[in-house]
Amino acid sequence: MTGNETLAPLDNSSGSNAGPLSVSGSKVTDQGVNPRKKFETISLAALLLIAFGLPLVMRSPTYLHIVILIYFYAYLTSSWNMVGGFAGVLPLGHSVFIGVGAYTSTILSLQYGISPWIGMLVGGVLSMGIGVLIGLPTFKMRGAYFALATIAFAEGMRVMVENLDFLGPFNLNGPRGLQIPPLNFGFLNFMFKGKEPYYYIILIMLIGVLVLTWIISRSKLGYYLNAGGEEPEAAMALGVNVARAKLIAMAMSSFLTALAGTFYAQFSLFIHPKSIISLDLSFEIAFIALIGGRGSIAGPLLGALLLRPVSDFSRIYFGDVFPGLHLVIFGVILILVMIYQPRGIQEPLTRAYNRFIDRLSKEEQAKEVS
Amino acid sequence: MDKKIFWKRCMSTLAVTVGLTLTLPGAPLLAADKVVKIGNIIPLSGPSATVGEQGKNAREMAVAEINAAGGIASLGGAKLELVYADSESKPEKGVGEAERLINTEKVNVLTGCWNSSVTYPTTAVAERYGVPFLVPVSVADKITEQGFKNVFRIAAKDSWWTRDQFSFIKDMSAEFNTEIKKLAFVYENGDWGQGIAGNWVKLAKAAGYEVVLNEPYPSTTTDLSPVVQKIKRSRPDVLMMVSNAADAILLTNTLAEYRVRLKALISSGGGHADPSFIQAAGKSARYLFDIVEWETDVNKPGAREANEKYKKQYGQNLTGEAVDAYLAMYIIKDALERAASLDPEKIRQALADTQLSDGPGMIVGYDKVVFDEKGQNKEASLVMVQINDIGNGLERITVWPKSARRVGYTPVFPKP
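Residues numbered from 1 in each chain as written. Chains lettered and ligands numbered in written order. Predicted model: local features only at pLDDT ≥ 70, side-chain atom pairs only at ≥ 80, totals over all residues. Heavy atoms only, no water.

Going by an unreviewed UniProt entry, chain B carries the name Amino acid/amide ABC transporter substrate-binding protein, HAAT family and comes from Desulfocicer vacuolatum DSM 3385. Looking at chain B in UniProt, the text filed under Sequence similarities (unreviewed entry) is "Belongs to the leucine-binding protein family." (UniProt positions renumbered as here; feature names shortened; annotations may be inferred.)

Chain A is annotated in an unreviewed UniProt entry as Amino acid/amide ABC transporter membrane protein 2, HAAT family of Desulfocicer vacuolatum DSM 3385. Its UniProt record gives chain A the following Subcellular location (unreviewed entry) comment, quoted word for word: "Cell membrane".

Draft legend 1. Quick peek at the overall build of chain B. The secondary structure content of chain B amounts to 12 helices and 12 strands. Over its C-alpha atoms chain B spans a radius of gyration of 24 Å, differing by no more than 12% from the 22 Å that the globule rule assigns to 416 residues. Along the longest, intermediate and shortest principal axes, the C-alpha atoms of chain B span 75 × 70 × 40 Å. When each of the 416 residues of chain B is scored for burial, the buried share is 61%. Intrachain contacts of chain B at a sequence separation of at least 6 include 68% that bridge at least 24 residues. Surface exposure of chain B reaches about 16,100 Å², of which carbon and sulfur atoms provide 51%. (Helix = DSSP H or I, 4+ residues; strand = E, 2+ residues; numbered from the N terminus. Rg over C-alpha atoms; globule rule 2.2 N^0.38 Å. Buried < 20%, exposed > 50% of the residue type's maximum accessible area, 1.4 Å probe, protein only. Contact = heavy atoms within 4.5 Å. Areas by Shrake-Rupley, 256 points an atom, 1.4 Å probe, with all protein chains shown as cover.)

Draft legend 2. A look at the overall build of chain A. The secondary structure content of chain A amounts to 15 helices and four strands. By residue count, 56% of the 370 residues in chain A fall in the buried class. Taking the intrachain contacts of chain A between residues at least 6 apart in sequence as the baseline, contacts between residues at least 24 apart amount to 76%. Accessible surface computed for chain A: about 15,200 Å², of which carbon and sulfur atoms make up 70%. When the 25 positive and 20 negative side-chain charges of chain A are each reduced to one mean point, those points stand 3 Å apart. (Lys, Arg positive; Asp, Glu negative; His and termini not counted. Charge placed at Lys NZ, Arg CZ, Asp CG, Glu CD.)

Draft legend 3. Focus on the sheet that holds strand S2 (residues 79-86) of chain B. All names here are of chain B. Spatially, S2-S1-S3-S4-S5 is the arrangement adopted by the five strands of the open sheet, whose pairing is parallel. Two strands bound the open sheet, and with one partner strand each, they are S2 and strand S5 (151-153). Here the strands of the sheet are splayed against their neighbours by 25 degrees on average, with no regard to which way each runs. Bridge count between strand S4 (residues 133-135) and S5: three bridges; the pairing is parallel. Looking across to S5, one finds that Val-135 is bridged to Arg-153. Each of strand S1 (35-42), S2 and strand S3 (109-112) is contacted by helix H2 (residues 49-68), which is oriented at about 170 degrees to S2, the strand it contacts most. (Pairing = 2+ DSSP bridges. Axes fitted to C-alpha atoms, helices over the stretch in contact; angles between N-to-C directions.)

Draft legend 4. Quick peek at the nonpolar core. Tyr-71, Phe-72, Tyr-75, Tyr-103, Tyr-199 and Phe-263 of chain A are the most contacted members of the largest nonpolar core, which totals 94 residues. At 17 residues, the largest contribution of residues to this core is made by helix H3 (residues 61-86) of chain A. When sequence neighbours within four positions are dropped, the list of residues in contact with Phe-263 of chain A reads Ile-68, Phe-72, Phe-190, Tyr-198, Ile-201, Ile-202 and Met-205 of chain A. In this structure, Leu-134, Ala-350, Val-364 and Phe-371 of chain B belong to the second largest nonpolar core, which totals 82 residues. (Core = buried A, V, L, I, M, F, W, Y, C linked by side-chain atoms within 4.5 Å.)

Draft legend 5. Expanded view of the UniProt feature "transmembrane region" (unreviewed entry) in chain A. Residue and element names in this part refer to chain A. Residues given the UniProt feature "transmembrane region" (unreviewed entry) here are residues 63-82, 89-108, 114-136, 143-161, 198-216, 247-265, 285-307 and 319-340. Secondary structure across residues 63-82 divides into 100% helix and 0% strand, with the first and last C-alpha atoms of the span separated by 29 Å. Its end C-alpha atoms 32 Å apart, residues 114-136 is made of 91% helix and 0% strand.

Draft legend 6. Quick look at the pattern of salt bridges. Counted under the stated rule, the structure contains 34 salt bridges over all chains. Between Glu-97 of chain B and Arg-100 of chain B there is a salt bridge, and its shortest N-O distance comes to 2.7 Å. Separated by three residues within a single helix, Glu-97 of chain B and Arg-100 of chain B lie in helix H3 (residues 91-103), roughly one turn from each other. The residue Lys-230 of chain B makes a salt bridge to Glu-215 of chain B at a minimum N-O spacing of 3.0 Å. Here Lys-230 of chain B, found in helix H7 (residues 225-234), pairs with Glu-215 of chain B, found in strand S7 (residues 210-217); they are 15 residues apart in sequence, far enough to count as distant. Owing to a relative accessible area of 32%, Lys-230 of chain B belongs among the partly exposed residues under this scheme. By relative accessible area, which is 16% here, Glu-215 of chain B ends up buried. Here the residues in one salt-bridge network are Glu-284, Arg-308, Asp-312 and Arg-315 of chain A together with Lys-37, Glu-97, Arg-100 and Glu-105 of chain B, joined through shared partners. (Salt bridge = Lys/Arg side-chain N within 4 Å of Asp/Glu carboxyl O.)

Draft legend 7. Structural context of the domain arrangement of chain B. Split by domain assignment, chain B resolves into domain 1 (35-155 + 300-352) and domain 2 (159-292 + 382-404). When each unit is reduced to the centre of its C-alpha atoms, the spacing between domain 1 of chain B and domain 2 of chain B is 31 Å. (Domains from an automatic or database assignment.)

Draft legend 8. Representation of the packing of aromatic side chains. Counted under the stated rule, the structure contains 30 aromatic pairs over all chains. Ring geometry for Phe-166 of chain B against Tyr-209 of chain B: centres 5.9 Å apart, planes inclined by 50 degrees, an arrangement best described as tilted. Of this pair, Phe-166 of chain B sits in helix H5 (residues 158-175) while Tyr-209 of chain B sits in the loop between helix H6 (191-207) and S7, placing them 43 residues apart in sequence. A connected cluster of aromatic rings, assembled from ring pairs, spans Phe-72, Tyr-73, Trp-117, Phe-187, Phe-190, Phe-192, Tyr-198, Phe-263, Tyr-264 and Phe-267 of chain A. Stacked on the ring of Tyr-120 of chain B, the Lys or Arg Lys-142 of chain B has its end atom at 4.4 Å from the ring centre. (Phe/Tyr/Trp six-rings, centres within 6.5 Å; stacked < 30°, edge-to-face > 60°. Lys NZ or Arg CZ within 6 Å of the ring centre and 35° of its normal.)

Draft legend 9. How the structure looks around the packing of H3 of chain A against helix H7 (residues 196-218) of chain A. Residues and elements named next belong to chain A. Following both chains from N to C, one finds H3 and H7 inclined at 20 degrees, their axes separated by 9 Å at the closest point. Relative to H7, the element H3 lies roughly parallel. When the axes of H3 and H7 are compared, the crossing they make is left-handed. From H3, Leu-64, Val-67, Ile-68, Tyr-71, Phe-72, Ala-74, Tyr-75, Ser-78, Ser-79, Met-82 and Phe-86 reach across to H7, where they touch Glu-196, Tyr-198, Tyr-199, Ile-202, Leu-203, Met-205, Leu-206, Val-209, Leu-210, Leu-212, Thr-213 and Ile-216. The class makeup of the residues in the contact of H3 with H7 is 19 nonpolar, three polar and one charged. (Parallel < 35°, antiparallel > 145°, perpendicular 65-115°, else oblique. Left-handed = near helix turned anticlockwise from the far one by under 90°. Nonpolar A, V, L, I, M, F, W, Y, C, P; charged D, E, K, R; others polar.)

Draft legend 10. Here's a closer look at helix H2 (residues 35-57) of chain A. The end-to-end C-alpha separation of H2 of chain A is 31 Å, in line with the 33 Å expected for 23 residues at 1.5 Å each. Most pronounced at Ala-51 of chain A, the bend in H2 of chain A amounts to some 35 degrees, and the proline Pro-55 of chain A follows within four residues. (Expected span 1.5 Å × (residues − 1). Bend = angle between axes of the 7 residues up to and from the residue.)

Draft legend 11. Seen up close, the pairing of strand S9 (residues 264-267) of chain B. Residues and elements named next belong to chain B. The alternating pattern of S9 places Ala-264 and Ile-266 and Leu-265 and Ser-267 on opposite faces, both of which are buried. The pairing of strand S8 (residues 238-242) with S9 spans four bridges and is classified as parallel. Among the inter-strand pairings, Leu-239 is bridged to a residue of S9, identified as Leu-265. Read as a crossover between parallel neighbours, the route from S8 over helix H8 (residues 245-257) to S9 is right-handed. Inspection of the sheet shows S9 paired to strand S10 (residues 289-292) by two bridges, in the parallel sense. Following the sheet pairing, Ile-266 is matched in S10 by Phe-289. (Right-handed = clockwise from strand over helix to strand, strands pointing away.)

Draft legend 12. Highlighting the UniProt feature "domain: Leucine-binding protein" (unreviewed entry) in chain B. In the UniProt entry, the feature "domain: Leucine-binding protein" (unreviewed entry) is given for residues 36-388 of chain B. For residues 36-388 of chain B, the end-to-end C-alpha separation is 45 Å, with 43% helix and 17% strand making up the annotated structure.

Following this line, the structure appears as structure tokens:
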């Protein structure tokens, strides 16, 4: 199974269109030389350098804030992607896990003085348990039913939190939400005066989740998920335990999503059910994935890079002239991408990139010949 | 080769990341001379958009008046400039916009945000940068209890609404010699309703009333007859309510349908204060008491004229929220005149020293704006109105406090 190089598990497409990435990838091996690798190593290093150096250049907290939110959404969507992309189902209730992460770490730090970093892990584990519990009965459902079940669960949780002031000894504070007083700054308290520390934390989290996604995509699990998502019957007939693979993906996804919840709580210092366990948030994650390209590594990042600035800047520039226009713009982009690039913007972008690389390697070959 | 795919994918993603982030506009616009920038974070889209729109209109009307009258004299006739940011009623958007208004737009003063959930984290941003933040309306008590130096609120806070409702019950039962013993609380189960009901329970206990029903309901409900049945069975003297728009109408009509007999119905603004409420509930709404910040029949010089002007420009009556936003601009003007500087600390100090008692902005029901050490307007007060038909169709008539009562009107209490 792992030897089948052309079956790229990340490209959740059918047969003929088995992924532009893998096709062009083999082209390079045919040529035998490796200008691509050289080029990519250099530019990856350069890009990492730029990403890490960005706060030194971009001094304005406004834009840093926007970039942090871009990374935050890219991270969330990448976590979602493990289930929503690879496993081929459409979960629309991921805000539950964000909520679990945010509430767990916030309650632990407010009531018991436990560092949010520890709360982050506790929240992650708790969220993983919930994810598995949701997954057990619902992964047997197909298509819309799975999506509906996850929506129902998320909404149920929101209503519950809104109506509970106390869950046992834990103060949820119902619909009023929890506010973290900005008093104890410092790394241990996961609270900083400037934006830069938040930037680096979310950047490292994002790189981590992207690397993890890449590892999964090359692992047996990735192929299992892909097979189960495409043709569950065929996969099961071949002895693939589809349900188990999906559950593992769900556990990882819910764990990672909860970490983002803690980040959000510490970044905005205020959480309440309507903003953090809302369907809006769940849908936004799904939109970013759909626009960027579900089931690809780059998709969530590309989606966030396109949609977040569009949403932010259209709100900034049109918000007061024509209230609500930015939501219309957002919707129009969504429709256009869905019509012309149903597999997300990652596809044409990768194609363009490959053409560029091919030309580059040809030039290099020509140089060598001469 | 898989490695290559990985590199390639990483590269393409990173390339786009960096490309996009670098193209973001970086240079803030330099503020032109003689302009004072006021940043306003309000919900211009989303569920609270109508309130945001009213606030925006009122601010514009006030600023147009101030600028036409010569701007800020002590700053060489500087004009006020409004900059808006849409919060969509979402806390994280409000925070982002506050960062932008402060760092990029370089506003001198901030106002907003109506939704208490947006106001909490947003005022924290202003506090961090030391930018004065004037809150026209956001009723949650907590906003002025965060220990912030730069936050000032004009409107009465949550606990005052409930306090005044209970004073009203006491005053009315004394004035009309009617005994009130049993109370029933019915409220929407959101932040607002639960906050108010929590205060009610405490106040009822302190005043020795018996609470016979304490019932939250989801404001999206389509059937309130079970709730009304409970009200009927518990036989309260007074029913106190917190409702949003549609459920206020539903609740009132269902109560009429079941012929629940009560001495008084007291609501808490919101849905009951919405202009559509009287139209939709009609006769069922008669004799209801509602608590509000401001009513068009308020007995203050200039109030009628301001309302006429607003109605002509924007096609609606002024509301309590709009009046506070209107007043906010005049408070800022007053503070700027005294500060005679754009230094944030000087503006903050001037706001803290506010003693505003006259001028076009003072069309509110009370006589003076003075902030206490926490930044809460000490003088803010509320009025009770009764919905009744005294020959001109159903209208809202101010009845309490007695000093503000419409001349010649006797409240109907208890409900016939």
